[in-house]
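Structural overview
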Amino acid sequence: MDKIIKVGLGIMIKDGNKILLGHRCDNYKDTGGIYEPGSWTIPGGKQEYCETIFEGAIRETKEETNLDVSDLEVYSVADDIQPNKHFVTIHIIANKFAGKLKNLEPTKHSEWKWFELDNLPQNLYTPAKKFIEEYLNKEGLL
(Lines give C-alpha, C1' and ligand atoms only; values in the text may rest on other atoms or scores of the structure.)
Protein backbone atom coordinates (compact mmCIF):
# COMPACT_ATOMS: atom_id res chain seq x y z
CA MET A 1 0.00 0.00 0.00
CA ASP A 2 1.18 3.50 -0.80
CA LYS A 3 1.81 5.53 2.31
CA ILE A 4 -0.10 8.66 1.35
CA ILE A 5 -1.85 11.10 3.65
CA LYS A 6 -5.21 12.14 2.21
CA VAL A 7 -7.40 15.13 3.00
CA GLY A 8 -10.89 14.49 4.30
CA LEU A 9 -13.65 17.04 4.74
CA GLY A 10 -16.37 16.82 7.38
CA ILE A 11 -19.19 19.34 7.23
CA MET A 12 -21.39 20.03 10.24
CA ILE A 13 -24.59 21.64 9.02
CA LYS A 14 -26.25 23.50 11.86
CA ASP A 15 -29.93 24.32 12.12
CA GLY A 16 -30.43 25.91 15.51
CA ASN A 17 -29.67 23.19 18.06
CA LYS A 18 -29.72 20.42 15.42
CA ILE A 19 -27.16 18.93 13.07
CA LEU A 20 -27.65 16.75 10.01
CA LEU A 21 -26.44 13.14 10.14
CA GLY A 22 -26.56 10.38 7.56
CA HIS A 23 -26.72 6.67 8.34
CA ARG A 24 -24.04 4.77 6.42
CA CYS A 25 -25.50 1.67 4.78
CA ASP A 26 -24.64 -1.57 6.54
CA ASN A 27 -23.46 -3.06 3.23
CA TYR A 28 -21.57 0.07 2.13
CA LYS A 29 -18.39 -0.69 0.16
CA ASP A 30 -14.99 0.49 1.33
CA THR A 31 -14.02 3.43 -0.90
CA GLY A 32 -10.59 3.96 0.62
CA GLY A 33 -11.75 6.12 3.50
CA ILE A 34 -12.24 5.18 7.13
CA TYR A 35 -14.57 2.19 6.81
CA GLU A 36 -17.38 2.13 9.38
CA PRO A 37 -20.66 0.94 7.83
CA GLY A 38 -23.75 1.23 10.03
CA SER A 39 -22.57 4.43 11.70
CA TRP A 40 -24.04 7.94 11.61
CA THR A 41 -21.94 10.66 10.00
CA ILE A 42 -21.94 14.26 8.89
CA PRO A 43 -21.73 15.03 5.16
CA GLY A 44 -18.22 14.87 3.80
CA GLY A 45 -15.63 13.03 1.83
CA LYS A 46 -12.27 13.42 0.17
CA GLN A 47 -10.96 16.70 -1.20
CA GLU A 48 -10.27 16.54 -4.93
CA TYR A 49 -7.17 17.80 -6.74
CA CYS A 50 -7.28 21.57 -7.53
CA GLU A 51 -10.34 22.03 -5.31
CA THR A 52 -10.37 24.39 -2.33
CA ILE A 53 -11.61 23.00 0.97
CA PHE A 54 -14.77 25.12 0.74
CA GLU A 55 -15.41 24.03 -2.85
CA GLY A 56 -15.02 20.44 -1.68
CA ALA A 57 -17.38 20.99 1.26
CA ILE A 58 -20.00 22.51 -1.03
CA ARG A 59 -19.61 19.70 -3.61
CA GLU A 60 -19.68 16.82 -1.11
CA THR A 61 -22.73 18.21 0.70
CA LYS A 62 -24.63 18.77 -2.56
CA GLU A 63 -23.70 15.28 -3.88
CA GLU A 64 -24.93 13.57 -0.71
CA THR A 65 -27.85 15.70 0.53
CA ASN A 66 -28.92 18.06 -2.28
CA LEU A 67 -28.37 20.97 0.14
CA ASP A 68 -26.46 24.11 -0.82
CA VAL A 69 -24.28 25.17 2.11
CA SER A 70 -22.83 28.61 2.72
CA ASP A 71 -21.33 30.80 5.43
CA LEU A 72 -18.61 28.17 5.88
CA GLU A 73 -15.89 28.28 8.50
CA VAL A 74 -12.97 26.01 9.29
CA TYR A 75 -13.55 24.84 12.85
CA SER A 76 -10.62 22.51 13.44
CA VAL A 77 -8.32 19.91 11.90
CA ALA A 78 -7.65 16.38 13.11
CA ASP A 79 -5.55 13.35 12.25
CA ASP A 80 -7.70 10.30 11.59
CA ILE A 81 -5.38 7.32 11.59
CA GLN A 82 -6.33 3.68 11.25
CA PRO A 83 -4.29 0.69 10.08
CA ASN A 84 -2.98 1.49 6.59
CA LYS A 85 -4.97 4.77 6.36
CA HIS A 86 -4.15 8.31 7.39
CA PHE A 87 -6.42 11.27 6.75
CA VAL A 88 -6.02 14.85 7.80
CA THR A 89 -9.66 15.79 8.26
CA ILE A 90 -10.69 19.42 8.02
CA HIS A 91 -13.77 20.12 10.12
CA ILE A 92 -16.01 22.74 8.53
CA ILE A 93 -19.16 24.30 9.93
CA ALA A 94 -21.92 25.37 7.54
CA ASN A 95 -23.89 28.10 9.25
CA LYS A 96 -26.43 28.40 6.41
CA PHE A 97 -28.05 26.01 3.98
CA ALA A 98 -30.77 26.06 1.35
CA GLY A 99 -32.63 23.50 -0.71
CA LYS A 100 -34.69 20.41 -0.11
CA LEU A 101 -32.99 17.58 1.77
CA LYS A 102 -32.74 14.44 -0.39
CA ASN A 103 -30.71 11.27 -0.08
CA LEU A 104 -28.79 11.44 -3.36
CA GLU A 105 -26.45 8.52 -2.64
CA PRO A 106 -28.72 5.75 -1.33
CA THR A 107 -26.02 3.10 -1.80
CA LYS A 108 -23.88 5.03 0.72
CA HIS A 109 -26.48 6.40 3.16
CA SER A 110 -29.79 4.77 4.05
CA GLU A 111 -31.18 8.08 5.34
CA TRP A 112 -30.41 11.63 6.49
CA LYS A 113 -31.94 12.96 9.72
CA TRP A 114 -31.70 16.05 11.90
CA PHE A 115 -30.61 15.35 15.47
CA GLU A 116 -30.69 17.59 18.53
CA LEU A 117 -27.14 18.15 19.80
CA ASP A 118 -28.16 16.75 23.19
CA ASN A 119 -29.76 13.63 21.69
CA LEU A 120 -27.27 12.20 19.17
CA PRO A 121 -27.15 8.53 18.15
CA GLN A 122 -24.57 6.36 19.92
CA ASN A 123 -22.88 4.85 16.87
CA LEU A 124 -21.24 7.94 15.38
CA TYR A 125 -18.62 7.60 12.64
CA THR A 126 -15.26 7.99 14.39
CA PRO A 127 -14.03 11.12 12.55
CA ALA A 128 -17.46 12.79 12.89
CA LYS A 129 -17.62 11.87 16.58
CA LYS A 130 -14.25 13.52 17.16
CA PHE A 131 -15.49 16.73 15.50
CA ILE A 132 -18.88 16.76 17.25
CA GLU A 133 -17.39 16.10 20.70
CA GLU A 134 -14.80 18.84 20.21
CA TYR A 135 -17.56 21.24 19.16
CA LEU A 136 -19.77 20.31 22.12
CA ASN A 137 -16.85 20.70 24.55
CA LYS A 138 -15.79 24.11 23.19
CA GLU A 139 -19.38 25.36 23.20
CA GLY A 140 -19.90 24.12 26.77
CA LEU A 141 -22.63 21.72 25.67
CA LEU A 142 -21.00 18.54 26.98
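In case you missed it, the structure is sitting above this.
The rules behind the values
Residues numbered from 1 in each chain as written. Predicted model: local features only at pLDDT ≥ 70, side-chain atom pairs only at ≥ 80, totals over all residues. Heavy atoms only, no water. Helix = DSSP H or I, 4+ residues; strand = E, 2+ residues; numbered from the N terminus. Rg over C-alpha atoms; globule rule 2.2 N^0.38 Å. Buried < 20%, exposed > 50% of the residue type's maximum accessible area, 1.4 Å probe, protein only. Contact = heavy atoms within 4.5 Å. Salt bridge = Lys/Arg side-chain N within 4 Å of Asp/Glu carboxyl O.

**A look at the overall build of the protein chain**
Counting its secondary structure elements, the protein chain contains two helices and seven strands. In terms of overall size, the protein chain behaves like a compact globule, its C-alpha atoms giving a radius of gyration of 14 Å where 142 residues would be expected to give roughly 14 Å. For the protein chain, the C-alpha atoms occupy an extent of roughly 45 × 30 × 30 Å along the three principal directions. When the 142 residues of the protein chain are sorted by exposure, 44% land in the buried category. In the protein chain, the proportion of contacts linking residues at least 24 apart, taken out of those at least 6 apart, comes to 66%.

**Examining unusual backbone geometry**
Despite not being glycine, C50 has its phi angle at roughly 65°, a positive value. Structurally, the position occupied by C50 is in the loop between β4 (44-46) and α1 (53-65). Positive phi outside glycine occurs at N84, with the angle close to 65°. Along the polypeptide, N84 turns up in the loop between β5 (68-82) and β6 (85-98). Accessibility expressed as a relative area gives 57% for N84, which makes it exposed.

**Focus on the side chain of H109**
Mapped onto the secondary structure, H109 falls in strand β7 (residues 109-116). H109 gets classed as buried once you look at its relative accessible area, which sits at 5%. With residues near it in sequence (within four places) discarded, H109 still touches G22, H23, R24, C25, T41, E64 and N103.

**Focus: the pattern of salt bridges**
In total, this model carries nine salt bridges according to the counting rule given. For K108, the salt bridge goes to E105, with nearest N and O atoms at 3.7 Å. Given a relative accessible area of 16%, E105 falls into the buried group. Salt-bridge contacts for K129 lead to E133; the nearest nitrogen and oxygen are separated by 4.0 Å. With K129 and E133 both in helix α2 (residues 126-138), this residue pair falls four residues apart, about one helical turn. A relative accessible area of 34% means that K129 is categorised as partly exposed. If you follow the salt bridges from partner to partner, you end up with E48, E51, R59, E60 and E63 in one network.

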